[in-house]
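Topology and contacts: notes
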Amino acid sequence: MQEPSDAQLLRDYATRGSESAFRELVTRHTDLIYSAALRQVSSPDLAGDIVQSVFTDLARKAREVAAKFPVEASLAGWLHRAARYAALNHLRGTRRRQFNERQAMAQLLTDSESAADWELIRPALDEALDSLDDDDREALLLRYFKNRDFRSVGLALGVSDDSAQKRVSRAVERLREFFAKRGVTVGAGGLVVVISANAVQAAPVGLAATISAAALAAGMTVGLTSTSTIAMTTLQKITATTALAAAVGIAVYEARQVAGLREQVQSFVQRQQPLTKQVAALQNHRDLDAARLAALAAELADARNDNRGMHKLRGEAGVLRLQLAEAQKSARQPPSTTQPPLATAEAHYRRALTNSWNRNYEASLEDLNKFLESEPNSYKAHYLRGELYARSLPKERGGAAQAVKEFTRALELKPDDAFSRFERAFHSSDTEQAISDYTFLIEGHADWSAYEGSDSQARISSDIADAYRHRGAIQLFTKEDFRKAITDFTAALQMNPSLKGVYRLRGLAYQMVGEMEKAKQDFSIEPK
């Protein structure tokens, strides 16, 4: 007997609520979707989340999706496209969160009162670096002087990401000990951000060209004149860099009392990591038990006339229900955070940023909660707490729904904040609200002042192009207003012709309205 098609299985689920049909669909395509997600996000955990998101979306839209496909059709293409779109959204959201964390950190650095830290560290920094092993020094320079991520550092050193991170942490600790012996007490976290903010300054304009010209002119003969030229240029570089460091040196907040409690915090972090892994394992066991329970329920239905197997199946189902309840109870318990208390609300806010930067998300949430108890009208704190719920904390802590509440509160306090507006639209399950928020951004009502520098306008244009793309996707997949989707995708491409995936999405919209030549043209640029 020929097995049913994907479209038939989806119709069975949509019209009759057949869970076995939907499980068969998931079984058929999980490997395909997981592999596609893993190639894009390079994280097994994130790839698993994307697979879950894709099939959850399919279940939610089962009736409307089933109506679009012929009875013998496959859903592989639809699922792959959905996985691709979910992965792109995740990557874009991660980049935005990292940018906003850097912006928030930079804002705090400007207001910090600990500028003296850099002036104490600066004179002996290069001596301290010279005291490190070659490998440690190389790792530290790549991470905080060249601003490389741990993956890039690991590739450069021929080690894994984790080994690179450990090597950098070891180098930072040795630097801290070097300065401590000279009476300069700075916490490891504070030392990292002080170095990142101040250690590398822009060289004078034209200096690189001058050195290159002198070196090339010397050719193969190393004469006194060229040597003097290069030496003078180097002296100019040292003088200019010192002047710039003195002019724009920005200190970072690192409460001095944290230095005395550093060992306690590090010990807690070491205890926290196994607990986090344990919670993740419990969640995995919970999901596995839920799947097994569903399978047993199906077996029970098939075995109603088999008295010999009935008692056994019921007993197994009861045990699984107890195990599932325990796993859910354990998974709902957040890891404890026993950080030392701080004297002021502002100190909690600064430590929240440092914790978030170091991926101590539960600790960051604890500090943000403390800060908001005293400063409930800080839109930045509500925005940052929303980011934690949306992207960093376990879903059991509130997930997208809690994140949307935080972004909404931020917008109540600052209605024109572009980032809160964008994130609420991105995470909201309310289609009309999302469209309204994207429209607010597109029509130019938002405040983008957090973007600074010569490329700020390009960043704003890129984000507005993203707003067009996301609004168009809602029109295409949810509202099924294909003409509006085409208009939005076209506007996005006019602002950013290299925007990934938009030609393909517009091609789908053209296909739905029967304009096949235009659809083929877009698909030739980005195939389905």
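Before any of the text, the structure's been laid out above.
What you see is a predicted model; the values in this text were computed from it and never measured.

**Overview of the nonpolar core**
By size, the foremost hydrophobic cluster in this structure holds 54 residues, and its most contacted members are Y349, L368, Y438, L441, W448 and L476. Beyond its immediate sequence surroundings of up to four residues, L441 is in contact with A418, R421, F422, A446, W448 and I464. Counting residues in each nonpolar core, the second largest holds 28 residues, with L125, A139, V153 and V186 among its members.

**Some remarks on the packing of aromatic side chains**
Counted by the stated rule, this structure contains 9 aromatic pairs. Taking 4.7 Å as the distance between ring centres and 40 degrees as the angle between the ring planes, the aromatic pair formed by Y13 and F22 counts as tilted. Using a relative accessible area of 24% as the deciding quantity, one classes Y13 as partly exposed. The exposure class of F22 is buried, given its relative accessible area of 13%. Summarising the aromatic geometry, the rings of Y383 and F407 are spaced 5.6 Å apart at their centres and angled 45 degrees between planes, so their arrangement reads as tilted. A residue pair is termed long-range when its members are at least 10 positions apart, and Y383 in helix α18 (residues 379-392) and F407 in helix α19 (residues 399-413) qualify at 24 residues. This pair shows no difference in class: Y383 is buried, exactly as F407 is. Taking NZ or CZ as reference, R92 lies 5.2 Å from the ring centre of F426, over its face. Note that R182 overlies the ring of F178, its terminal NZ or CZ placed 3.6 Å from the centroid.

**Notes on the environment of Q40**
Here Q40 shows up in helix α2 (residues 19-41). For Q40 and H90, which are 50 residues apart along the polypeptide, the C-alpha to C-alpha distance reads 9.8 Å. With residues near it in sequence (within four places) discarded, Q40 still touches A83, R84, A87 and L91. Side chain to side chain, Q40 and R84 meet in a polar contact 2.7 Å long.

**Some remarks on the pattern of salt bridges**
Where side chains of opposite charge bring their charged atoms close, a pairing between them can arise. For the structure shown, the criterion picks out 33 salt bridges. Between E173 and R176 there is a salt bridge; the shortest N-O distance is 3.0 Å. Pair noted here: E173 and R176 are both in helix α10 (residues 161-181), with a separation of 3 residues, about one helical turn. In this structure E173 comes out as buried when scored by relative accessible area, which is 18%. Of the charged contacts, one joins D481 and K484 as a salt bridge, the two residues approaching to 3.9 Å between their closest N and O atoms. Residue classification places D481 among the partly exposed positions, given a relative accessible area of 28%. Within the structure, one salt-bridge network assembled from shared partners comprises E3, D6, E24 and R28.

**Some thoughts on the packing of helix α24 (residues 502-512) against helix α25 (residues 516-525)**
At a minimum axis separation of 8 Å, α24 and α25 run at an interaxial angle of 160 degrees. What the angle tells us is that α24 and α25 run roughly antiparallel. The two elements α24 and α25 meet at a crossing, and its hand is left-handed. Residue-level inspection shows Y503, R504, R506, G507, L508, Y510 and Q511 of α24 in contact with α25, the latter providing M516, K518, A519, D522, F523 and I525.

**Points about the environment of K166**
For K166, the location among the structural elements is in helix α10. In this structure the C-alpha to C-alpha distance between K166 and D136, which are 30 residues apart in sequence, comes to 9.8 Å.

**Considerations on helix α17 (residues 361-374)**
Compared with an ideal rise of 1.5 Å per residue, which puts 14 residues at 20 Å, α17 spans 20 Å between its outermost C-alpha atoms and is within 8% of the ideal. Taken as a whole, α17 has its buried residues at Y361, E362, A363, S364, L365, D367, L368, F371 and L372.

**Describing helix α3 (residues 44-60)**
In an α-helix, one turn spans 3.6 residues, which is why side chains three or four residues apart end up on the same side. The end-to-end C-alpha distance of α3 is 24 Å, a good match for the 24 Å that 17 residues give at a rise of 1.5 Å each. Among the residues of α3, those classed as buried are A47, I50, V51, V54, F55 and L58. Looking straight down α3, one finds its buried side chains confined to an arc of 125 degrees; they lie on one side. Residues of α3 that are exposed and point more than 90 degrees away from the buried face comprise D45 and R60.

**What to know about unusual backbone geometry**
With a phi close to 65 degrees, R359 is a non-glycine residue in the positive phi region. Looking at the secondary structure, you find R359 in the loop between α16 (345-357) and α17. Note on R359: relative accessible area 61%, which makes it exposed. With phi around 55 degrees, E480 is a residue other than glycine that occupies positive phi space. Along the chain, E480 falls in the loop between α22 (456-479) and α23 (482-495). Taking the relative accessible area as the measure of exposure, E480 reaches 32% and is therefore partly exposed.

Thresholds applied
- Residues numbered from 1 in each chain as written.
- Predicted model: local features only at pLDDT ≥ 70, side-chain atom pairs only at ≥ 80, totals over all residues.
- Heavy atoms only, no water.
- Core = buried A, V, L, I, M, F, W, Y, C linked by side-chain atoms within 4.5 Å.
- Buried < 20%, exposed > 50% of the residue type's maximum accessible area, 1.4 Å probe, protein only.
- Contact = heavy atoms within 4.5 Å.
- Phe/Tyr/Trp six-rings, centres within 6.5 Å; stacked < 30°, edge-to-face > 60°.
- Helix = DSSP H or I, 4+ residues; strand = E, 2+ residues; numbered from the N terminus.
- Lys NZ or Arg CZ within 6 Å of the ring centre and 35° of its normal.
- Polar contact = N/O pair within 3.5 Å; in protein donor to acceptor, adjacent residues only side chain to side chain.
- Salt bridge = Lys/Arg side-chain N within 4 Å of Asp/Glu carboxyl O.
- Axes fitted to C-alpha atoms, helices over the stretch in contact; angles between N-to-C directions.
- Parallel < 35°, antiparallel > 145°, perpendicular 65-115°, else oblique.
- Left-handed = near helix turned anticlockwise from the far one by under 90°.
- Expected span 1.5 Å × (residues − 1).
- Arc of directions from axis to C-beta.

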